[in-house]
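If you want the building blocks of each chain, they are given just below.
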Amino acid sequence: MATSTDPPLIGVLALQGSVAEHVEILESRGARTRQIRVASEVAGVDGLVLPGGESTAIAIMTEGDGIFAALRAAVDGGLPAYGTCAGLILLADDAVATKKGAPQALVGGLDCTVCRNYFGSQVSSFETELRGEGAFSAVFIRAPAILRCGAGVEALATVSAAPCAAARDAVDAFDAKAASGAKRPRDGGAGSRDVVVAARQGNVLVTAFHPELTEDARWHDKFLAMVEAHRGGGGAAPPAAKAPPSDAPSPADVEAMTVGKLKIALARAGCEDASGKKADLKARLLAALA
Ligand code: GLN
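Predicted, not measured: the structure shown is a model, and the values here were computed from it.

Asks: Before we move on, can you summarise the overall build of the chain with the specific residues and values?
Replies: From N to C terminus, the chain includes nine helices and 13 strands. For the chain, with 290 residues in total, the buried portion stands at 47%. In the chain, once contacts between residues fewer than 6 apart in sequence are set aside, the share between residues at least 24 apart is 68%. Carbon and sulfur atoms form 54% of the exposed surface of the chain, whose accessible area is close to 13000 Å².

Pasting the structure below:
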């Protein structure tokens, strides 16, 4: 039986999305991981990670198989959970701009209203410098944004941005509904508003961006600290976080990249074509960096 001095065992929902990247970063911080594909695999983990991907597809894939119910029971029971991007959407209590005709099932846990695809489609992916607990680089890919935080939710990072055209109707409808009472976010001009992109409520942590696609482990360390606190603080502290690299990747870095990392590096290098096999992505990135 695992004791609290064993490395924590983190369950990573592994139906779709950037699973390998989360596993890699969690294991580099000393955690053990278990990829979760069926409901019975939720039992016994010390924390849960819900990666990015496509929340609609994840919800459809899990329809009726009990996995969302198992995740919900774990989160409701106080098990620490960290959701990135689509994982944020799934951990929200309420979502707008959901796909028409396909009801969006949610795990819930964070008292907020999230807007899917707030920042736009794949080509509107971007990386920006944000400030939360220190400065960090945030990678957004078809990212959601939190429009409303409940009283118990701590906003950890915000961005001032207008909703993309496809999300505007849903945001307007949300505003119209909220107009009778709820506080409207500060208007930053030209339709932009302050939206929350990282938040925590109790043992639920979410980011709209993808720290697992960077070398910056501080968000995962924050989550692992929540896991340790929940286990009673008996585990070893994770190793000190590496400073995020500031330089472009070297050819050796490119060689070692996963497909997910290649795609984001291509986006950062200004190349919008992120299709094709791994070898094509590598060749295109090396050409873009040359
Ligand atoms: N737009 C996706 C969704 O709605 C999230 C994108 C992501 O996880 N990178 O689920």
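There's more to say after this.
Asks: Can you tell me about the nonpolar core, naming the residues and giving the values?
Replies: Membership of the largest hydrophobic core comes to 75 residues, with the highest contact counts inside it found for Leu 48, Phe 119 and Phe 140. Apart from the residues lying within four places of it in its own chain, the contact partners of Phe 119 are Ser 124, Phe 126, Phe 140, Ala 143, Pro 144, Ala 145, Val 159, Ala 161, Cys 164, Val 195 and Val 197. Within the second largest apolar cluster, seven residues are counted, among which are Val 254, Met 257, Ala 265 and Leu 285.

Asks: Please give an account of the site of the ligand that cites residues and values.
Replies: Gly 52, Gly 53, Glu 54, Ser 55, Cys 85, Ala 86, Ile 89, Arg 116, Asn 117, Ile 141, Arg 142 and His 210 make up every residue found near the ligand. At 2.5 Å, a backbone N or O of Ser 55 approaches an oxygen atom of the ligand. At a separation of 2.6 Å, an oxygen atom of the ligand approaches a polar side-chain atom of Arg 116. Alone, the ligand offers 300 Å² of accessible surface; in the complex the protein occludes 98% of this. At a threshold of 2 Å from the grid points, most atoms of the ligand map onto the largest cavity. Partitioned by chemical class, the residues of the shell around the ligand number four nonpolar, five polar and three charged.

Asks: Can you lay out the pattern of salt bridges for me, pointing to particular residues and giving the numbers?
Replies: A full pass over the atoms with the stated rule returns ten salt bridges. The partner of Arg 29 in a salt bridge is Asp 221, with the nearest N and O atoms 2.8 Å apart. Taken together, the residues span a long stretch of sequence, with Arg 29 in the loop between α1 (19-28) and β2 (32-36) and Asp 221 in helix α6 (residues 218-231) at a distance of 192 residues. Of the residues examined, Arg 29 reaches a relative accessible area of 7% and is grouped as buried. Residue class for Asp 221 comes out buried when judged on its relative accessible area of 12%. Linking Glu 54 and Arg 142 is a salt bridge whose minimum nitrogen-to-oxygen distance equals 2.3 Å. A residue pair is termed long-range when its members are at least 10 positions apart, and Glu 54 in the loop between β3 (47-50) and α2 (55-62) and Arg 142 in the loop between β8 (134-140) and β9 (145-149) qualify at 88 residues. Taken together, the shared-partner salt bridges connect Asp 46, Glu 228 and Arg 231 into one network.

Asks: An account of helix α8 (residues 259-268) is needed here, citing residue identities and associated values.
Replies: For α8, the full list of buried residues reads Lys 261, Leu 262, Ile 264, Ala 265 and Leu 266. Its buried side turned inward, α8 meets α1, β8, α7 (251-256) and α9 (278-289).

Asks: Describe the confidence of the model for the chain, with residues and values.
Replies: Confidence along the chain averages 86 in pLDDT terms, with 87% of residues attaining 70 or more. Predicted confidence for residues 234-246 stays below pLDDT 50, and this span has 19 contacts to residues more than four positions away or in other chains.

Asks: Just give me the short version of the pairing of β3, but keep the residues and values in it.
Replies: By the alternation rule, side chains of β3 split into Gly 47 and Val 49 and Leu 48 and Leu 50, which are all buried. Sheet analysis places strand β1 (residues 9-13) next to β3, joined by three bridges and oriented parallel. Across the sheet, Val 12 pairs through a bridge with Val 49, a residue of β3. Sheet topology places β3 next to strand β4 (residues 81-84); three bridges connect them, and they run parallel.

Asks: Go over empty space enclosed by the protein with me, naming the residues and quoting the values.
Replies: The tally for this structure, following the rule as stated, stands at one cavity of 30 Å³ or more. Approximately 50 Å³ is the volume found for the largest cavity. Residue lining of the largest cavity: Gly 53, Glu 54, Ser 55, Cys 85, Ala 86, Ile 89, Arg 116, Asn 117, Ile 141 and Arg 142, and that is the complete set. Taken together, the residues of the lining of the largest cavity break down into four nonpolar, three polar and three charged.

Asks: An account of helix α3 (residues 67-76) is requested, with residue identities and associated values reported.
Replies: All buried positions along α3 are accounted for by Ile 67, Phe 68, Leu 71, Ala 74 and Val 75. For α3, the arc enclosing every buried residue in end-on projection is 125°, short of the 170-degree limit, so these residues lie on one face. In this structure, α3 carries Ala 73 and Asp 76 as exposed residues pointing more than 90 degrees from its buried face. Phi turns positive, to about 95°, at Gly 78, one or two residues after α3.

Asks: Any details on the packing of α1 against α6? Residues and values, ideally.
Replies: Interaxial distance between α1 and α6 falls to 10 Å at its minimum, and their mutual angle equals 65°. Relative to α6, the element α1 is oriented roughly perpendicular. Viewed along their axes, α1 and α6 form a crossing whose handedness is right-handed. Residue-level inspection shows His 22, Ile 25 and Leu 26 of α1 in contact with α6, the latter providing His 220, Phe 223 and Leu 224.

Parameters at a glance
Residues numbered from 1 in each chain as written. Predicted model: local features only at pLDDT ≥ 70, side-chain atom pairs only at ≥ 80, totals over all residues. Heavy atoms only, no water. Helix = DSSP H or I, 4+ residues; strand = E, 2+ residues; numbered from the N terminus. Buried < 20%, exposed > 50% of the residue type's maximum accessible area, 1.4 Å probe, protein only. Contact = heavy atoms within 4.5 Å. Areas by Shrake-Rupley, 256 points an atom, 1.4 Å probe, with all protein chains shown as cover. Core = buried A, V, L, I, M, F, W, Y, C linked by side-chain atoms within 4.5 Å. Near = heavy atom within 4 Å. Polar contact = N/O pair within 3.5 Å; in protein donor to acceptor, adjacent residues only side chain to side chain. 1 Å grid on protein atoms, 1.4 Å probe; cavity = no way out; pocket = protein on both sides within 12 Å on 5 of 7 lines; lining within 4 Å. Sits in = over half its atoms within 2 Å of the grid points. Nonpolar A, V, L, I, M, F, W, Y, C, P; charged D, E, K, R; others polar. Salt bridge = Lys/Arg side-chain N within 4 Å of Asp/Glu carboxyl O. pLDDT = per-residue confidence, 0-100. Pairing = 2+ DSSP bridges. Points joined across faces, edges and corners; volume = space filled by probe spheres on them. Arc of directions from axis to C-beta. Axes fitted to C-alpha atoms, helices over the stretch in contact; angles between N-to-C directions. Parallel < 35°, antiparallel > 145°, perpendicular 65-115°, else oblique. Left-handed = near helix turned anticlockwise from the far one by under 90°.

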